[in-house]
Amino acid sequence: PVHGVLFGTGAVPNGGAVAIGGQMLQPKLETEMGFIMGQDIDTVPTSLDALAEAVEAAVPCYEIAGSRIDGWPKGIEDLVADSCGFSAYVIGEGRAKPSALDLASIQISIAKNGEHHGDGTGAECMGNPLNALMWLVEKLVAKGEGLKAGDLVLTGALGGMIPVEAGQSWTSTFDGLGSVSVSFV
């Protein structure tokens, strides 16, 4: 795994449109479980349950990755230099405490232009999206950093990275949680 920073300038409203071109190059869509932190974390929690208690809400999200390197990064150095491919993100509708969901088993249905495109599950992210959050916390704490209340953490692709093109609209529905939508122009 790798981690990068989500910049506020990359926020796209749920159902919003993203223009391809300019700074949005070679875009790929990732359906992800997001976590909005409810508490500051500066030490590693003793368990996933303790970590889940520090989360205000699980939210359906998209990360829109785009590479400024022709053909996408070939190695870790390129990936880091390209800000881990980050271009934009979307926070969808629906929020729940992680303890109210079976995050590993959650089912995601992905639709392109209103037609079923594919599926994902929470287990695709290190077995459980909370495992990815714990990994990040461990890395940050080891560097003397942490997470702050209100921080948004995206945990990794559920359903793969999907190349996108102008004229497409996407919606991913998380069973028992909600959905997230975006279109490309």
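Everything that follows concerns the structure shown earlier in this document.
Residues numbered from 1 in each chain as written. Predicted model: local features only at pLDDT ≥ 70, side-chain atom pairs only at ≥ 80, totals over all residues. Heavy atoms only, no water.

**Student:** Would you take a moment to explain the overall build of the protein chain for this structure?
**Tutor:** When its secondary structure is counted, the protein chain shows 3 helices and 10 strands. Residues classed as buried in the protein chain amount to 45% of the 185 residues present. Restricting to contacts in the protein chain with at least 6 residues of sequence separation, those with at least 24 account for 74%. Carbon and sulfur atoms provide 52% of the accessible area of the protein chain, an area that totals close to 8,600 Å². (Helix = DSSP H or I, 4+ residues; strand = E, 2+ residues; numbered from the N terminus. Buried < 20%, exposed > 50% of the residue type's maximum accessible area, 1.4 Å probe, protein only. Contact = heavy atoms within 4.5 Å. Areas by Shrake-Rupley, 256 points an atom, 1.4 Å probe, with all protein chains shown as cover.)

**Student:** Would you mind showing me how to read the pairing of strand β6 (residues 107-112) here?
**Tutor:** The two faces of the sheet receive side chains in turn, since in a regular strand these alternate between them. Direction of pairing for β6 relative to strand β7 (residues 115-121): antiparallel, over a ladder of 6 bridges. Bridge assignment links S109 to a residue of β7, and that residue is D119. Linking β6 back to β7 in an antiparallel pair, the connection comprises 2 residues, with N113 at a positive phi of about 50°. The sheet contact formed by β6 and strand β9 (residues 169-174) spans 5 bridges and is antiparallel. The residue of β9 that forms the bridge with S109 is T173. (Pairing = 2+ DSSP bridges.)

**Student:** Whenever I open this one, the pairing of β9 confuses me. Can you help?
**Tutor:** The alternating pattern of β9 places W170, S172 and F174 on a buried face and S169, T171 and T173 on a face that is not buried. Connecting β9 to the next strand, strand β10 (residues 178-184), in antiparallel fashion are 3 residues, including G176 with a positive phi near 80°.

**Student:** Looking at this structure, I do not really get the nonpolar core. What am I missing?
**Tutor:** A general tendency of soluble globular proteins is for nonpolar side chains to be buried together. With 42 residues, the main nonpolar core has M33, L133, W170 and V182 as its most contacted residues. The element that contributes the greatest number of residues to this core is helix α3 (residues 129-142), accounting for 8 residues. Setting aside residues up to four positions removed in sequence, M33 forms contacts with A58, V59, L103, I106, P129, V153, L154, T155, G156, L158, F174 and L177. Ranked by size, the runner-up nonpolar core spans 7 residues in total, among them A57, C61, L152 and L154. (Core = buried A, V, L, I, M, F, W, Y, C linked by side-chain atoms within 4.5 Å.)

**Student:** Hey, could you run me through unusual backbone geometry in this one?
**Tutor:** Among all residues except glycine, the phi angle is most often negative; among peptide bonds, the trans geometry is most common. Although it is not a glycine, N113 sits at a positive phi angle of roughly 50°. With respect to the element layout, N113 can be found in the loop between β6 and β7. Unusually for a residue other than glycine, M126 sits at a positive phi of about 55°. Following the sequence through the fold, M126 ends up in the loop between β7 and α3. Take M126: its relative accessible area is 40%, and that puts it in the partly exposed class.

**Student:** Please explain the environment of G94 as it appears in this structure.
**Tutor:** The residue G94 is located in the loop between β5 (86-91) and β6 in this model. The sequence separation of G94 and G178 amounts to 84 residues, and the corresponding C-alpha distance is 4.5 Å. Those residues in contact with G94 that lie beyond four places of it in its chain are A58, V59, P60, L177 and G178.

**Student:** What's the story with the sheet that holds β10 in this structure? I'm lost.
**Tutor:** In a beta sheet, neighbouring strands are held together by backbone hydrogen bonds and run either parallel or antiparallel to one another. Strand order in the open sheet formed by 5 strands is β2-β10-β9-β6-β7, and the pairing between neighbours is mixed. Strands at the two margins of the open sheet, each flanked by one partner only, are β2 (17-18) and β7. Looking at chain direction, β2 and β10 are connected through 2 bridges and run parallel. Looking at β10, one finds that A17 is bridged to S183.

**Student:** Explain the environment of C125 here, please?
**Tutor:** Relative to the helices and strands, C125 is located in the loop between β7 and α3. A residue is classified by how much of its surface remains accessible, and C125, at 4% relative accessible area, is buried. Once the C-alpha coordinates of C125 and T155 are considered, the two residues, 30 residues apart in sequence, prove to be 7.0 Å apart.

So far we have only geometry, and geometry alone does not tell us how the molecule works.
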